[in-house]
Amino acid sequence: IYRALKRPRDAIVYYRQALNLQRELGDRRSEAITLNNLGELNLQDGLLEAALTHFQRAVAIRREVGDRRGEAITLDNLGQIYFALNQLSDALPHAQQALSIIQEIDDREFYDVLARDRSTWPVAVDTVRPATSCEPFDAWRAHEDRTEY
């Protein structure tokens, strides 16, 4: 609620409480989600180093529990941090990894969000297409037997 009300500092207090409970319960998936949310709040507040730490922890847990979509989301967030730090050589590989996962899990909705969000980057999303892809993303997105959202 506090996040929606644009009160990030209040939201952080409750996310930290939730994080402690999730750790006590051993709920790794929820822990990763909360770490990602904390990272997003820190990013919004301009606390880039804190955001980076939260995202790095979140992506490690998401890999551990096999949450591929969550991994892509957090990799994208890491790319945003590196972009904000003007470290394109670190930002682009994270974007590429996120896109590779999106293609693998066939998530058009998240691809569209990613493409929109990256429209302000100095390079087009197309330039970070997975190196292993043999078909352009536009063709992949238009492919008829993909799942609709």
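Being a predicted model, the structure only gives us computed values, none of them experimental.

Q: Explain the overall build of the protein chain residue by residue, including any values.
A: From N to C terminus, the protein chain includes seven helices and zero strands. Put simply, the protein chain runs from its N terminus to its C terminus through helices and strands in the order α-α-α-α-α-α-α. Across the 149 residues that make up the protein chain, the buried fraction comes to 40%. The long-range fraction of contacts in the protein chain, counting pairs at least 24 apart against all pairs at least 6 apart in sequence, stands at 58%.

Q: A description of the pattern of salt bridges should follow, citing residues and the corresponding values.
A: This structure, assessed with the given rule, holds 10 salt bridges. Arg29 is the partner of Asp67 in a salt bridge, and the nearest nitrogen-oxygen pair spans 3.5 Å. Of this pair, Asp67 sits in the loop between helix H3 (48–65) and helix H4 (68–84) while Arg29 sits in helix H2 (residues 28–44), placing them 38 residues apart in sequence. Taking the relative accessible area as the measure of exposure, Asp67 reaches 12% and is therefore buried.

Q: Any details on the nonpolar core? Residues and values, ideally.
A: Among the nonpolar cores identified, the biggest contains 18 residues, and Ala72, Leu75, Leu78, Ile81 and Ile102 are the most heavily contacted of them. In this view, Ile81 contacts Leu43, Leu48, Ala51, Leu52 and Phe55; residues no more than four positions away in its chain are not counted. Ala11, Leu19, Ala32 and Ile61 belong to the second-largest nonpolar core, a separate cluster that totals 10 residues.

Q: An account of helix H5 (residues 88–105) is needed here, citing residue identities and associated values.
A: With 18 residues, H5 extends 26 Å between its outermost C-alpha atoms, agreeing within 8% with the 26 Å of an ideal straight helix rising 1.5 Å per residue. Of the residues making up H5, those classed as buried are Ala91, His94, Ala95, Ala98, Leu99, Ile101, Ile102 and Gln103. Positioned one or two residues after H5, Asp106 has a phi angle of 60°, which is positive.

Q: Can you tell me about H4, naming the residues and giving the values?
A: Across its 17 residues, H4 extends 24 Å between first and last C-alpha, which sits within 8% of the 24 Å expected from 1.5 Å per residue. One side-chain oxygen at the N-terminal end of H4 lies 2.9 Å from the backbone nitrogen of Gly70; it belongs to Asp67. With its phi angle positive at about 60°, Asn86 sits one or two positions after the end of H4.

Q: Describe in detail the confidence of the model for the protein chain, supporting the description with residues and values.
A: For the protein chain, per-residue confidence averages 80 on the pLDDT scale, and 73% of positions sit at 70 or higher. Per-element mean pLDDT across the protein chain ranges from 44 in helix H7 (residues 137–142) up to 96 in H3.

Q: Residue-level account of the packing of H2 against H3, with values.
A: One way to put it is that H2 packs onto H3 with a least axis distance of 8 Å and a crossing angle of 155°. Here H2 lies roughly antiparallel to H3, going by the angle between them. At the point where H2 passes H3, the crossing takes the left-handed sense. Along the contact surface, H2 presents Arg28, Arg29, Glu31, Ala32, Ile33, Leu35, Asn36, Leu38, Gly39, Glu40, Asn42 and Leu43, while H3 presents Leu48, Ala50, Ala51, His54, Phe55, Arg57, Ala58, Ile61, Arg62, Glu64 and Val65. Considering only residue class, the contact of H2 with H3 consists of 12 nonpolar, four polar and seven charged.

Cut-off values and rules
Residues numbered from 1 in each chain as written. Predicted model: local features only at pLDDT ≥ 70, side-chain atom pairs only at ≥ 80, totals over all residues. Heavy atoms only, no water. Helix = DSSP H or I, 4+ residues; strand = E, 2+ residues; numbered from the N terminus. Buried < 20%, exposed > 50% of the residue type's maximum accessible area, 1.4 Å probe, protein only. Contact = heavy atoms within 4.5 Å. Salt bridge = Lys/Arg side-chain N within 4 Å of Asp/Glu carboxyl O. Core = buried A, V, L, I, M, F, W, Y, C linked by side-chain atoms within 4.5 Å. Expected span 1.5 Å × (residues − 1). Polar contact = N/O pair within 3.5 Å; in protein donor to acceptor, adjacent residues only side chain to side chain. pLDDT = per-residue confidence, 0-100. Axes fitted to C-alpha atoms, helices over the stretch in contact; angles between N-to-C directions. Parallel < 35°, antiparallel > 145°, perpendicular 65-115°, else oblique. Left-handed = near helix turned anticlockwise from the far one by under 90°. Nonpolar A, V, L, I, M, F, W, Y, C, P; charged D, E, K, R; others polar.

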